[in-house]
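Descriptive structure summary
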Amino acid sequence: MSQLYQAFSSALEIHSSSINRIVIAFSGGVDSRVLLELAARYGKEQGIECIAVHVHHGLSTNADVWVDQCQQWCLESAVKFYAERVSLDTSSSESLEKLARDARYGVLKAHLSKGDILLTGQHQDDQLETFLLALKRGSGPKGLSSMAKVMPMGEAFLVRPLLGVSRQEIEAFASQSGLEWVEDESNQDQRFDRNFIRHEVTPKLVARWPSFPDSVTRSAQLCAEQELLLDELLVPKLNQALGHYHSLKIESLSECSSLMRARLIRMWLADNGLVMPSQKQLELLWSEVACAQQDANPVLVLGHAEVRRFDNKLFIIESRSSLESWQAELQVGQSLKLPDSLGSLSLSIIGNEYSKETKGALNFSLSNASGPIKVIFNPEGLVAHPVERGHSRKMKKLFQEYKVPSWLRRRTPILMDGEHVVAVMGLFVDRRYQGQDCEAVWSK
């Protein structure tokens, strides 16, 4: 058994009894080419299905040729091959490297099922480059811990079995095994920071200190251990600060030192799968969201989610499109599909064959209605007089009194009769339409 295959097998040993499938991130470069060879052998020996996923980014004129080559190598290794094309938004402010990486992992995640192991070909030299990039950014221990050898990915695991192996060892194995691979010309482009480090910085460091990659690996591991220990010590504190719906109690955070508070917020964000904020974003989150005026509606956007405050707690909310201009007519006996996966609305006459008598429905009378009932989501400028209240109030105040979070106020269906509010689903019926003739049901 070669040393490389032994290192590969050892990395998968902890999962060997529970692996559903092996999913190989297969670019066709020398690292993933060797990974394919090792995984195919391991899968055959262990009786585990292997598949390879190749992501076509469309960034190289050679990309179509690479797909054909990768498919042929998988065929020779008896590994099922999948090619996926992605489009990158090059007008984005994000770097091309990050756009490609995010798209690649998005595709790979879509191929993962419960119990799968995703294998990627990063090695010791990649770890060194990642460490130096983190150092350049001024990262703390979290960033300097670089890439983990094993990490959860949904109900699957990401494993980097070659992380302790040098690029030189991988290339030697490929040559000795007579393997062919693709050469991505972008790897020579030193406009990319990683390539500059690879071609200009690393060779000089290793020439001066041959054991430098091993030292970086050890430092990254120590940083990772420190991070794990710190999280372990702070988990009880974080649990005490958690509220309903995965919220975070601002009062509990206020009792902590600024350092502990920042750490707890980062842990909370990480547990909810959010991209780690910068130091500046973390400061804004506390000063402008958590500590904003009580009548304010502060929000901090982090990737595809938002951090908002409500009821003296912080909430993580998925960013959604605005529904302020959406409206539709609601007819008796028909179901109206609401936008953005908000369910459907139905309106029926009490005692009629259409009546559903569903628990939680709102009952009212349309005898005073001047026209068809419309459904809207924009409460701006509206006034209503709930049946159980002594006077009318602006919708903004009513939402506050009914303790509706700000991010749900424009996602709650409002039934309108011309300019008059008939009802707000899930909350109240307006006094003008008090009665039992009709029933409205919001099916979520």
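The name given to the protein chain in an unreviewed UniProt entry is tRNA(Ile)-lysidine synthase, with Vibrio fortis as the source organism. What UniProt records for the protein chain under Catalytic activity (unreviewed entry) is the sentence "cytidine(34) in tRNA(Ile2) + L-lysine + ATP = lysidine(34) in tRNA(Ile2) + AMP + diphosphate + H(+)". Turning to the protein chain, the UniProt record has this under Subcellular location (unreviewed entry): "Cytoplasm".

1. A few points about the environment of I317
Among the secondary structure elements, I317 is positioned in strand β10 (residues 313–318). Note: C-alpha distance between I317 and L302 (15 residues apart in sequence) is 10.0 Å.

2. Points about the UniProt feature "domain: Lysidine-tRNA(Ile) synthetase C-terminal" (unreviewed entry) in the protein chain
When the UniProt feature table is mapped onto this chain, "domain: Lysidine-tRNA(Ile) synthetase C-terminal" (unreviewed entry) is found at residues 373–444. The span residues 373–444 is 10% helical and 35% strand by assignment, and the distance between its end C-alpha atoms comes to 20 Å.

3. Concerning the pattern of salt bridges
One pass over the structure, following the stated rule, counts 23 salt bridges. Residue R410 is joined to E324 by a salt bridge in which the shortest nitrogen-to-oxygen separation is 2.7 Å. On the criterion of sequence distance, the pair formed by R410 in the loop between α13 (395–401) and β18 (414–417) and E324 in the loop between β10 and β11 (327–330) is long-range, its members being 86 residues apart. What makes E324 partly exposed here is its relative accessible area of 39%.

4. Here's the deal with the UniProt feature "binding site: ATP" (unreviewed entry) in the protein chain
What UniProt calls "binding site: ATP" (unreviewed entry) maps, in this numbering, to S27, G28, G29, V30, D31 and S32. For G28, the position within the fold is in the loop between β1 (21–25) and α2 (30–46). Note on G28: relative accessible area 0%, which makes it buried. Leave out the neighbours within four places in its chain, and G28 touches R33, C70, W73, W181 and V182. Tracing the backbone shows D31 in helix α2. Residues contacting D31, with those up to four places away along its chain left out, are G121, H123, D126, L162 and I170.

5. Structural notes on the sheet that holds β1
Reading across from one edge, β3-β2-β1-β4-β6-β5 is the order of the six strands in this open sheet, with mixed pairing throughout. On the outer flanks of this sheet lie β3 (80–85) and β5 (150–153), each paired with one strand and no other. Strand-to-strand twist across the sheet, computed as the mean angle between neighbouring axes with direction ignored, equals 25 degrees. In this sheet, β3 lies alongside strand β2 (residues 49–56) in parallel orientation, the contact comprising six bridges.

6. Some thoughts on the packing of α2 against helix α7 (residues 167–176)
At a minimum axis separation of 10 Å, α2 and α7 run at an interaxial angle of 60 degrees. One way to sum up the angle between α2 and α7 is to call them oblique. Crossing hand, α2 versus α7: left-handed. Taking contact as the criterion, the partners of V30, D31, V34, E37 and L38 in α2 are, on α7, I170, E171, F173 and A174. When the residues that make up the contact of α2 with α7 are grouped by side-chain class, the tally is six nonpolar, no polar and three charged.

7. Examining the sheet that holds strand β9 (residues 305–310)
Pairing within the open sheet is antiparallel, and its four strands lie in the order β7-β10-β9-β8. A strand with exactly one partner marks an edge of an open sheet, and here the two such strands are β7 (248–249) and β8 (299–302). Lying over the sheet, helix α11 (residues 258–271) contacts β7, β8, β9 and β10, oriented at roughly 30 degrees with respect to β10. In the packing of helix α12 (residues 279–290) onto the sheet, the strands contacted are β8, β9 and β10, and the crossing angle to β8 comes to about 155 degrees.

8. Details of α7
Each α-helix winds once per 3.6 residues, and so residues spaced three or four apart point in a common direction. All of the buried residues along α7 are R167, I170, F173 and A174. Within α7, the buried residues cover an arc of 130 degrees as seen down the axis, which keeps them to one side. Facing away from the buried side of α7 by more than 90 degrees, the exposed set consists of Q168, S175 and Q176. Of the surrounding secondary structure, the elements contacted by the buried residues of α7 are α1 (3–13), α2, α5 (124–137) and α8 (193–208). The first or second residue beyond α7 is G178, which carries a positive phi of 70 degrees.

9. Focus: the packing of α5 against helix α9 (residues 212–241)
Taken N-terminus to C-terminus, the directions of α5 and α9 make an angle of 65 degrees; their axes are 9 Å apart at the nearest point. Classified by the angle between their axes, α5 and α9 sit roughly perpendicular to one another. By crossing handedness, the relation of α5 to α9 is classed as left-handed. From α5, Q124, Q127, L128 and F131 reach across to α9, where they touch F212, P213, D214, V216, T217, S219 and A220.

10. Structural notes on the pairing of β2
With respect to burial, β2 is a largely interior element, seven of its eight residues being buried. Sheet topology note: the β1/β2 ladder contains five bridges and is parallel. Each residue of the ladder has a partner; that of A25, found in β2, is V53. A crossover connection joins β1 to the parallel β2 through α2; in handedness this β-α-β unit is right-handed. Once you follow β2 into helix α3 (residues 63–76) and on to β3, the crossover reads as right-handed.

11. Regarding the side chain of R411
Position of R411 among the secondary structure elements: in the loop between α13 and β18. Reaching out from R411, the side chain makes a polar contact with the side chain of D340 at a distance of 3.0 Å. The residues contacting R411, other than those within four sequence positions of it, are R320, S321, L323, D340, L342, F377 and W442.

12. Thoughts on the environment of A423
In this structure, A423 sits in strand β19 (residues 420–424). A423 sits in the buried class, given a relative accessible area of 0%. Considering only alpha carbons, one finds A423 and P386, 37 residues apart in sequence, at a separation of 8.3 Å. If near-sequence neighbours (up to four positions away) are discounted, A423 is found in contact with L362, P413, I414, L415, F428, V429 and D430.

Conventions we followed
- Residues numbered from 1 in each chain as written.
- Predicted model: local features only at pLDDT ≥ 70, side-chain atom pairs only at ≥ 80, totals over all residues.
- Heavy atoms only, no water.
- UniProt positions renumbered as here; feature names shortened; annotations may be inferred.
- Helix = DSSP H or I, 4+ residues; strand = E, 2+ residues; numbered from the N terminus.
- Salt bridge = Lys/Arg side-chain N within 4 Å of Asp/Glu carboxyl O.
- Buried < 20%, exposed > 50% of the residue type's maximum accessible area, 1.4 Å probe, protein only.
- Contact = heavy atoms within 4.5 Å.
- Pairing = 2+ DSSP bridges.
- Axes fitted to C-alpha atoms, helices over the stretch in contact; angles between N-to-C directions.
- Parallel < 35°, antiparallel > 145°, perpendicular 65-115°, else oblique.
- Left-handed = near helix turned anticlockwise from the far one by under 90°.
- Nonpolar A, V, L, I, M, F, W, Y, C, P; charged D, E, K, R; others polar.
- Arc of directions from axis to C-beta.
- Right-handed = clockwise from strand over helix to strand, strands pointing away.
- Polar contact = N/O pair within 3.5 Å; in protein donor to acceptor, adjacent residues only side chain to side chain.

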